[in-house]
Amino acid sequence: MNVYYTYGRVKGDSKKDEQTIYVRLFYGRNKIQVKASTQLTIRKHGWNFKKGEDADVVDLAKKQIPPQDLENFKNIKQRLSDIRVHLKNEFRKLMLSREHNSFSQIQWNDWARAQLGSALFQGQKQTESTTKFLRKRENIRRIEPSSSINLDAKTPEGPIDAKWTNHKNKMKLVAPNNRPKIDVIVVGTGLAGASAAASLGEMGYNVKCFCFQDSPRRAHSIAAQGGINAAKNYQNDGDSIYRLFYDTIKGGDYRSREGNVYRLAEVSVSIIDQCVAQGVPFARDYGGLLDNRSFGGVQVRRTFYAAGQTGQQLLLGAYSALSRQIGLGRVNMYNRHEMMDVVKIDGKARGIITRNLVTGDIDRHSAHAVVICTGGYGNVYFLSTNAMGSNASAAWKIHKKGALFANPCFVQIHPTCIPVHGTNQSKLTLMSESLRNSGRIWVPKNKEDAEAIRDGKLKPTEIPEEERDYYLERRYPAFGNLVPRDVASRAAKERCDVGHGIEANDTNEGVYLDFATEIKTKGKQVAFAQGDKTPTEEKTIELGKKWVEEKYGNLFQMYQQITDENPYETPMKIYPAVHYSMGGVWVDYNLQSTIPGCFVAGEANFSDHGANRLGASALMQGLADGYFVVPFTLANYLADDIRTGSISTDSKEFVDAENEVKSQINRLMNIKGTNSVDYFHKKLGVIMWNKVGMSRNKEGLQSAIGEIQVLREAFWKDVYIPGDADEMNAELEKALRVADLMELGQLMAVDALNRNESCGGHFREEYQDEEGETLRDDVNFKYVAAWEYVDADARNSVLHKEQLKYESIKIADRNYK
Amino acid sequence: MAAKNIDIILKVWRQKNTNAKGKIETYELSEVSTDSSFLEMLDQLNEKLIGEKETPITFDHDCREGICGSCSLYIDGRAHGPQTGNTTCQLHMRSFNNGDTIYIEPWRSKAFPIIKDLMVDRSAFDRIQQSGGFVSVNTSGNTLDANAIPITKDDADKSFEAATCIGCGACVASCKNSSAMLFVGAKVSQYSLLPQGQVEAKNRVQNMVRQMDKEGFGNCTNTGACEVECPKGISLENIARMNRDFLLSNISSDK
C-alpha cells in the first residue's frame, strides 16, 4: 500500500504565540480514496487539536469497498493518531526547554515541519536531513505505512540454551520425495554461500548457484588469516558455549540479538567436526590433536587455525563439498555471473536476473527461494582489505525491493594494515592481529621528529627510547597493545591527526609497530634456555630474530614484499583500514529478510556481531549460517511450496525486472561522459573515509550526505564506460557496483547521524567521555536501526527499530583501562 | 628503498574474444611509482586508455594479496613475473627499471581458452575437482568429534602444504607440456595424507586423473618448472605421490 501525505501550511501570527500545522494523509487505488486529516494548533500555553476531516473511505466509483481498503483505512486512522501523539509530546518538550522564546516565524515553520517529518518517519529523531527534505520537497511524498512492515525477530520462546533445539523440533520439513520439485537459488560462494549450496544440494533440492568470479573457490573468505572460533574447550581452560556467546555479545558492544548469537556459539562446535570430516587440514600438535590459539577480547584458547591461511582452508573445504554436488548434478554452478536484481511475485522472492559477464547476456532464473550470501560492503571506502570485486549490489538490490538494511554505520576498521603509499593504490593489505602480541606501537613524542622521519632525514631506530610515545601502553595500561580493534584504530588516528604520523604519504597517516623489544627479550630467554646466562648483544638479537621469524615469518615476508623494508631491522609502519561490515540486510531468527523467501547469510546479514566483531568470528558465522541454519529454516519456509510447481520465467514480473536491468545498463552505457568509474569511486572513498570513517561528528556526517548526493548526480551525468554491454566489460561491471555503493554510502552517513551515541566501531565525537572513550546510550539507542528504501536519496529512507532485549546477559560498560 | 617514478614500455597481448585473432600491442607508460604493484601499474595504464577513449585491458584479479588465485599473467616469459614465490598481484614495480620493455601475455594452454586479452577460462580445474576432489561426507553436525582421530603433525602439515595450492594455473602455464599434474597431485595428496580421505582414495585418483586427461592437459616429464614457478612452492613430491596412488589403484582396484 502506498500512502501519500500532503501537508498544508504551517501558519502562525507575528507574535509567535499561535502556530497551526495541517496534516492530511490519503491513499488511493482504483477510484477508492482513503482520507484522513487533522490540524494542530499550538500556543505558548497549550495545544489544541481540531478534528478536521475525519478518516474516511470514499468510493468514487460507487463500487463495493474491498476488505483490504477497509484494512488500510484502519491503518491510516492509527497513523494519524500516532502523529497527534508525537506532535503533542514534542511540543511539550519544546515548551519545557524554553528554546521557543527566541524562535522566529521561520524557525517555527522549520520546527513544525521537522516534527511532522519525524512523525511521518515513525518517530525518527529530528535530523537536518528531514528538515531539509521537508523544506525542499513539494507537498506530496510517497511513503510506505509502518504497518506493512512488521519487524518481528521471530526469536523462539524458552530458555536461551533450548531455543534452537525447540525451534528445530517444531519447524516444518520437506519430505525427500518433494525436494526435487523445489528450486533454490544461492548467490555467492564464500563460506556462507558454498556451504549453503552444498548442504541444500545434499538434501536433494534443485540448486542454482552463482558467483561473479571465475571459480567459486576465489570468493574473498579465502583471504581470512587468523582462525575460526569454536567452543570446543579442547584446552580445558574454562570455555563453554555460554562464554563464546557472552564474549561475542560484549565484543559487539551490546548491539546484537541474543537468540542469534547463542545459536552461533551453539553450532560452532559442529563446524569443526564437519570441517575435519571433510579433510580440512587444521594445525595439530605433536599428539596429533587439534591445536588452538588465543585472540583479542577473550580469556580462553578457542581459535582453530591452519597457519595464517585458515580462511583459505575452510573455503576450499566448503568448495570441495560444493564441487561434489556439482559433479553429482545436484547443483548447477554459474561462474562469472552477477546477480542484477531479485524478482518478486506476489510479494515473495521468486527468482533473479543475472548478467553473464563473458557474453553480457541478461538471463532470468526462477526459484522458490533465494539465498543471498554476497559478503560485506567495505569497498564503499574504495580502499579496504576487501577484494577488488567485493561489492554490495546483491544486498542493495534486495534492499531496493523491500528488504530492510540494518545498522549500515557499523563498520570495522582494523588497526594493523600497511599504510596507503600513493594515489594509484588499489587496495590495502592486512597484517594479522596476532602481531600485536609481540609488537609495540609508537609514534615520536616530538612533531619535529615525525616530520624529519617523513622527510627521510631521520630513521626511527635513531630516536631514543625517551623520545617515543607508546600511546596504547600510556592510555590503556591494563590491555596495552592488545586493546580491541576499534580502540586501537581510534588511538592511531588521534596521534596522526595532531601531527605525529610517520608515513610520507599525502595524509602522513602511519604509526610504528616495533619488534625490537620483543627481539631482545625473547633472544635473552632463548639464550638462557640454551645455558648461556650472559649472551652478547649480537647473539641476543640473532636468537631473538630467529624466534620472531618462527612465529611470524610469513607475515614479515609479506610486509617486505609490499614495502621493500626489512621489519627485523626497522619497525613496521601500520595504519588502520576498513576491514569488515557488521551491518547488513536485516534478517529474523530464521535469517529471512523482510522479503518472504529471500534469505541472507554470512557477512551480508547484520545479525551476529553488533557494533564490533571479534577476531576469528567471521569464518564461524559464515559456516554456521550456511551449513547449520539456512538448510533448516529454508525447509520450514519451503514446506508451503511443495504444490507450487516450477515457476515460469515468462511472467510479467520477470519481463519487467529484465527490462529494468537492461534499461539501467543502457542508461549507464549512454552517459558517455568524461571520467572513469574509478575516478568517482575514489572520490566516494575519500568522503566516506574522512567523514564516515573511524570517528564521526554531526557536521561531518551532514556534509558527507550532501557531498555524496552531489557526487552521485555527477556520476550519472559524467561517467564514461568504454566498450559495449554485450561483451566482457570490466568497467561496466564496476559502474553497476559503484552506482549501488553511492546510495549505500549515503545511507551509512544517515544511519551514523541518527545514532547519537558511540558504540563499538561507531564513534561519534560528541559522545565520548573526558578521556576520549565511547559513551553508549542504552536508553535511547539499544535498538537495531533497520532502514527501508524509498528512493536513491538515502535521506528519504524510513527508519524502523527493533528494540534489543537482553534476558540472559546483564549489560555492562566495556572498559579496557 | 625510497619510491621513485619510472617510464616503461609494455607489450601486451590483446584479443577481443575467444574466437578473434589476437596480437601484441605496444603502450608507453610514464610516471609509474616503484611502490605500485604490477596490477596497480595496469590500473594506471587502463585509466590512461579510458581517458583516451580506448578499450582498457581485461585481466583477472580479485584479492590482490596473493591468496585467491585469480591473477594469472605471463610476464617477460615467466608465470607471475620475474620473482619466485609470489603471485602477479604481489609483484611490485621496483622489480623493474626505468626504460624497461615488459611483455605481458595470458596463460598459454589448450585447456585454458582465452576469454579476452589476458583473461583465460580455467574452469577445467573446477571440473577436475568435481570429479573427485572431496571427501563424500554430508553436512550433518553429527560427524565424529574433530579430535576422535588423531593425525600425526607431520602428515597434517604435509597435507596442509599440499592444500595451500591457490589454483592459479601457473604450473600449467610454465609447463612445456601444459600439464596440470602439480595441481592435481596437490589435491590428491591433501586427501591421501589424511585418514578421512582413505576410503575413497582409489576412486579419487582414478577419477581426477581421467578428468585431467579429458580436459586436454599434457603429461609430466619431470622438468620441474611448475615447482619453481608455483607461487606457493607446492612440491614435486605431490606428483610422485599421485603417481604412486594411481599405480596402486590400478593394480589393486576391483574395477
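Residues numbered from 1 in each chain as written. Chains lettered and ligands numbered in written order. Predicted model: local features only at pLDDT ≥ 70, side-chain atom pairs only at ≥ 80, totals over all residues. Heavy atoms only, no water.

Engineer: Teacher, can you tell me more about helix H12 (residues 485-497) of chain A here?
Structural biologist: Given 3.6 residues per helical turn, the α-helix brings residues three or four places apart onto the same face. Residues and elements named next belong to chain A. Between its first and last C-alpha, H12 extends 18 Å over 13 residues, near the 18 Å set by a 1.5 Å rise per residue. Among the 13 residues of H12, eleven are classified as buried, and the element is accordingly described as predominantly covered. Within H12 the residues assigned to the buried category are Arg485, Asp486, Val487, Ala488, Ser489, Arg490, Ala491, Ala492, Lys493, Arg495 and Cys496. Check the buried side of H12 and you find it contacts strand E18 (411-417), strand E19 (440-444), strand E20 (468-469), helix H11 (471-475), strand E21 (511-514) and strand E22 (572-581). Backbone geometry just downstream of H12 places Gly499 in the positive-phi region, at approximately 100°. (Helix = DSSP H or I, 4+ residues; strand = E, 2+ residues; numbered from the N terminus. Expected span 1.5 Å × (residues − 1). Buried < 20%, exposed > 50% of the residue type's maximum accessible area, 1.4 Å probe, protein only. Contact = heavy atoms within 4.5 Å.)

Engineer: Can you walk me through the layout of surface pockets in this structure?
Structural biologist: Over the atoms a probe the size of a water molecule is rolled, and this reveals where empty space is left. Of the pockets and cavities examined, the second largest pocket occupies roughly 1,100 Å³. Considering the residues around the second largest pocket, the lining is formed by 48 residues, among which Glu503, Thr563, Glu565 and Lys573 of chain A together with Asp35 of chain B are closest to the centre. Among the elements of the structure, helix H10 (447-454) and helix H14 (537-563) of chain A are those that each provide at least two residues to the lining of the second largest pocket. Of all the elements, H14 of chain A adds the most residues to the lining of the second largest pocket, at five residues. Along the lines of polarity and charge, the residues of the lining of the second largest pocket split into 17 nonpolar, 18 polar and 13 charged. (1 Å grid on protein atoms, 1.4 Å probe; cavity = no way out; pocket = protein on both sides within 12 Å on 5 of 7 lines; lining within 4 Å. Points joined across faces, edges and corners; volume = space filled by probe spheres on them. Nonpolar A, V, L, I, M, F, W, Y, C, P; charged D, E, K, R; others polar.)

Engineer: Would you take a moment to explain the interface of chain B and chain A for this structure?
Structural biologist: Many analyses report the size of an interface as the accessible area lost when the parts associate. Taken together, the contact pairs 71 residues of chain B with 76 residues of chain A. With a closest N to O distance of 3.1 Å, Asp214 of chain A and Arg122 of chain B form a salt bridge. The tally of links between chain B and chain A comes to 45 residue pairs in polar contact (both at pLDDT 80 or more). Contributions of two or more residues to the side of chain B that touches chain A are made by helix H1 (38-51), strand E6 (114-116), strand E7 (119-120), helix H2 (123-132), helix H3 (153-163) and helix H5 (181-192) of chain B. (Salt bridge = Lys/Arg side-chain N within 4 Å of Asp/Glu carboxyl O. Polar contact = N/O pair within 3.5 Å; in protein donor to acceptor, adjacent residues only side chain to side chain.)

Engineer: Whenever I open this one, the sheet that holds strand E2 (residues 23-33) of chain B confuses me. Can you help?
Structural biologist: Each strand in a sheet pairs with its neighbour through backbone hydrogen bonds, running either in the same direction (parallel) or in the opposite one (antiparallel). Residue and element names in this part refer to chain B. In spatial order, the strands read E2-E1-E5-E3-E4; together these five strands make up an open sheet with mixed pairing. The outermost strands of the open sheet, each flanked by one partner alone, are E2 and strand E4 (78-79). Where H1 meets the sheet, its contacts fall on strand E1 (5-14), E2, strand E3 (74-75) and strand E5 (101-105), and the angle it forms with E2 comes to roughly 105°. (Pairing = 2+ DSSP bridges. Axes fitted to C-alpha atoms, helices over the stretch in contact; angles between N-to-C directions.)

Engineer: Help me understand the side chain of Asp214 of chain A in this model?
Structural biologist: Residues and elements named next belong to chain A. Within the secondary structure, Asp214 is located in the loop between strand E9 (206-210) and strand E10 (228-229). On the basis of relative accessible area, Asp214 is assigned to the buried category, the value being 6%. Within the structure, the side chain of Asp214 is placed 2.7 Å from the side chain of Arg218, a separation counted as a polar contact.

Engineer: What should I look at first to understand empty space enclosed by the protein in this one?
Structural biologist: All names here are of chain B. Considering all chains together, one arrives at eleven cavities of 30 Å³ or more under this definition. Space inside the second largest cavity adds up to approximately 100 Å³. In this structure, the second largest cavity is lined by 15 residues; those nearest its centre are Cys165, Cys168, Cys171, Cys230 and Ile234. Elements supplying a minimum of two residues to the lining of the second largest cavity: helix H4 (170-174) and H5. For the lining of the second largest cavity, the element with the most residues is H5, which contributes three residues. Of the residues contributing to the lining of the second largest cavity, the split by class is twelve nonpolar, two polar and one charged.

Engineer: What exactly am I supposed to notice about helix H15 (residues 618-638) of chain A here?
Structural biologist: Taking the largest bend as the criterion, H15 of chain A deviates by roughly 50°, centred on Val629 of chain A, and proline Pro631 of chain A comes between one and four positions later. In terms of burial, H15 of chain A is largely enclosed, as 19 of its 21 residues are buried. (Bend = angle between axes of the 7 residues up to and from the residue.)

Engineer: I keep staring at the state of the cysteines and nothing clicks. Help me out?
Structural biologist: A covalent bond bridging the sulfur atoms of two cysteines is what the word disulfide describes. Applying the stated rule across the entire model yields zero disulfides over all chains. Unpaired in this structure, Cys759 of chain A has its nearest cysteine sulfur neighbour in Cys409 of chain A, at a distance of 7.0 Å. (Disulfide = S-S within 2.5 Å.)

Engineer: Can you walk me through the packing of aromatic side chains in this structure?
Structural biologist: Ring pairs (aromatic) are described by centroid distance and by the angle formed between their planes. In this structure the tally under the stated criterion is 31 aromatic pairs over all chains. Centre to centre, the rings of Tyr377 of chain A and Phe405 of chain A are 5.7 Å apart; their planes meet at 55°, and the pair counts as tilted. In this pair, Tyr377 of chain A sits in the loop between strand E16 (369-372) and helix H9 (393-400) while Phe405 of chain A sits in strand E17 (residues 405-406), placing the two residues 28 residues apart along the sequence. Like Phe405 of chain A, Tyr377 of chain A is buried. Ring centres of Tyr74 of chain B and Trp107 of chain B lie 6.4 Å apart, and the angle between their planes is 85°; on these two criteria the pair is classed as edge-to-face. Pair noted here: Tyr74 of chain B is in strand E3 and Trp107 of chain B is in the loop between E5 and E6, with a separation of 33 residues, a long-range link. Of the two residues, Tyr74 of chain B and Trp107 of chain B, neither departs from the other in class, the shared state being buried. Grouping aromatic residues by their ring pairs yields a cluster made of Tyr242, Phe245, Tyr246 and Tyr262 of chain A. Its guanidinium or amino end placed over the ring of Tyr470 of chain A, Arg440 of chain A lies 3.7 Å from that ring's centre, counting from NZ or CZ. Above the face of the Phe212 of chain A ring, Arg737 of chain A is positioned so that its terminal group lies 4.8 Å from the ring centre. (Phe/Tyr/Trp six-rings, centres within 6.5 Å; stacked < 30°, edge-to-face > 60°. Lys NZ or Arg CZ within 6 Å of the ring centre and 35° of its normal.)

Engineer: What's the story with the sheet that holds strand E15 (residues 362-366) of chain A in this structure? I'm lost.
Structural biologist: All names here are of chain A. Strand order in this open sheet of three strands is E13-E14-E15, and the pairing throughout is antiparallel. With partners counted over all chains shown, the strands left at the sheet margins are strand E13 (337-345) and E15, one partner each. The average undirected angle you get between the axes of adjacent strands in this sheet is 25°. With five bridges connecting them, strand E14 (residues 348-356) and E15 associate as antiparallel partners. Bridged to Gly351 within E15 is Ser366.

Engineer: What is the right way to read unusual backbone geometry from this model?
Structural biologist: Most of the time, phi is negative for any residue but glycine, and the peptide bond is trans. Residue and element names in this part refer to chain A. At Lys154, a position not held by glycine, the phi torsion is positive, near 55°. Within the fold, Lys154 resides in the loop between strand E7 (140-143) and helix H4 (163-170). One non-glycine residue, Phe382, lies in positive phi territory at about 60°. Locating Phe382 in the fold gives a position in the loop between E16 and H9.

Honestly, it's all geometry; don't read function into it.
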